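# Observations on the three-dimensional arrangement
Each chain, letter by letter, is given below.
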Amino acid sequence: MKLKREFYLRGGLEVAKDLIGKKLVHNSAEGLTAGIIVEVEAYLGKIDAAAHSFKGRTARTEVTFGAGGFAYIYLIYGKNICMNVVANVAEIPDAILIRALQPVEGLELMQARRQKNNLRELCNGPGKLTQAMAITKNHYGADLCGNELFIETAENFQPEIVATKRINVDYAGDAANFLWRFIQKNNPCVSK
C-alpha cells in the first residue's frame, strides 16, 4: 500500500526510522523498478549544520521548506544524483537521504542501467540507486503520493534497525556526531 501524506508530515528522525523496510518504486516509461529501503540519513535543517537547509532557504532547498511527501533531488560531486524524502510540515526543512536499497523488482532493467550484474552492488549507495532506478534531476519536487515515484509498505519485511553516524559530514562540527544514519542490520545492500 502506498504511503499517505500523513506518514511524511512527522519529524524527520521518526520518518527516517520508519522508511527502513519500506519499498521505493519508480514507474518509468522504460518499466517499473523497486527496492526495499535499507539505509537512510536524516537531515534536520533547523538544528543540523550538515543539512543543506541549515543556512536558510535557497532555490536548491526550496522543496524542503514545503510539506512532507515530496522528493528533494540534487547533484553531488558534479555527477551523482541523490534522492531525499522531504518530511515534516511546511517551514521545517527536514529531509531524509535514501542511501541504499535492496533491489526487488525490475532487476534486469537496473542491471542494464548500472551495467552491473551483482544485485548487491546495484543500489548500495545514493548515486548508484538513482542510476539504477532512473531517478533524475527532473524528479525534483515529485509528489511521493503520486503514481510515478512513490514509497509503499513492503510485505513480510521486519527490519532490525541500527543507528550510526552519518557519512561524509565531518565539516558539520558537533552535527557530525549525530546518530542519524539508520540501517537494516546485517543487510548486504547497505553502502560501504
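Above this note sits the structure.
Think of each chain on its own: its residues are numbered from 1, step by step along the sequence as written. Only residues with pLDDT of 70 or above have their local features reported here, since the model is predicted, and side-chain atom pairs are shown and tallied only from 80 upward, although totals for entire chains, interfaces and linings are computed over all residues. Based on all heavy atoms of the structure, the side-chain values leave hydrogens and waters out of the count.

### Describing the overall build of the protein chain
- Elements are defined by DSSP. Helices are runs of H or I of four residues or more, strands are runs of E of two residues or more, and each kind is numbered from the N terminus. Secondary structure summary: the protein chain contains 5 helices and 8 strands in total.
- Each helix (α) and strand (β) of the protein chain, taken in turn from the N terminus, gives the series α-α-β-β-β-β-β-α-α-α-β-β-β.
- For the radius of gyration, the atoms used are the C-alpha atoms, and the globule rule reads 2.2 Å times the number of residues raised to 0.38. On C-alpha atoms alone, the protein chain measures out to a radius of gyration of 15 Å, which is about the 16 Å that the 2.2 N^0.38 rule sets for 192 residues.
- If one aligns the C-alpha atoms of the protein chain with their principal axes, the spans along those axes are about 40 × 35 × 30 Å.
- Only protein chains enter the accessibility calculation, which uses a 1.4 Å probe. A residue is then buried if its area is under 20% of the maximum for its type, exposed if over 50%, and partly exposed in between. The burial tally for the protein chain puts 53% of its 192 residues in the buried class.
- Contacts are assigned to residue pairs that have any heavy atoms within 4.5 Å of one another. Considering only intrachain contacts with a sequence separation of at least 6, the fraction spanning at least 24 residues in the protein chain is 62%.
- Side-chain charges of the protein chain comprise 24 positive and 20 negative groups, with the mean position of each set lying 5 Å from the other. Counting rule applied: Lys, Arg positive; Asp, Glu negative; His and chain ends not counted. Charge positions are represented by NZ for Lys, CZ for Arg, CG for Asp and CD for Glu.

### Quick word on a nonpolar patch on the surface
- Taken together, the side chains of Leu9, Val89 and Ile92 present a nonpolar region at the surface, about 190 Å² in accessible area.
- Along the chain, Val89 turns up in the loop between β4 (80-87) and β5 (94-105).
- Exposure remark for Val89: the relative accessible area of 38% places this residue in the partly exposed category. Like-charged residues are merged into a patch within 9 Å and nonpolar side chains (Val, Leu, Ile, Met, Phe, Trp, Tyr) within 5 Å, provided each residue has over 30% relative accessible area and no salt bridge. In these tables, accessible area is a Shrake-Rupley quantity obtained with a 1.4 Å probe, and a residue counts as shielded only by the protein chains included in the view. The term salt bridge refers to a side-chain nitrogen of Lys or Arg lying within 4 Å of a carboxyl oxygen of Asp or Glu.

### Topic: helix α3 (residues 107-114)
- Listing the buried residues of α3 in full gives Met110, Gln111, Arg113 and Arg114. Angular distribution of buried residues about the axis of α3 spans 165°; they occupy a single face of the element. Away from its buried face, by an angle of more than 90 degrees, α3 presents the exposed residues Glu108 and Ala112.
- Packed against the buried residues of α3 are β1 (23-28), β2 (31-44), β5, α4 (119-122) and α5 (126-133). In this description, one arc is meant: the one made by directions from the helix axis to the C-beta atoms.

### Comments concerning the nonpolar core
- If you look at the biggest cluster of nonpolar residues, it comprises 34 residues, and the most contacted ones within it are Leu19, Leu24, Ile37, Met83 and Ile151.
- Discounting chain neighbours no more than four positions away, the residues touching Ile151 are Lys2, Leu3, Tyr8, Leu19, Lys22, Lys23, Leu24, Ile37, Val85 and Leu144.
- Core analysis: the next-biggest nonpolar cluster, separate from the first, contains 14 residues, Ala50, Tyr72, Leu97 and Val169 among them. As used in this record, nonpolar core signifies buried Ala, Val, Leu, Ile, Met, Phe, Trp, Tyr and Cys residues forming a set joined through side-chain atoms within 4.5 Å.

### Digging into the side chain of Thr64
- Secondary-structure assignment places Thr64 in the loop between β2 and β3 (71-76).
- Polar contact criterion, stated in full: a pair of N or O atoms within 3.5 Å, where within protein one must be able to donate a hydrogen and the other to accept it, and residues adjacent in sequence count only if both atoms are side-chain atoms. A distance of 2.6 Å separates the side chain of Thr64 from the backbone oxygen of Thr61, its partner in a polar contact.
- Discounting residues that sit within four places of it in the chain, Thr64 has contacts with Ser53, Tyr72, Val86, Ile92, Pro93, Asp94 and Ala95.

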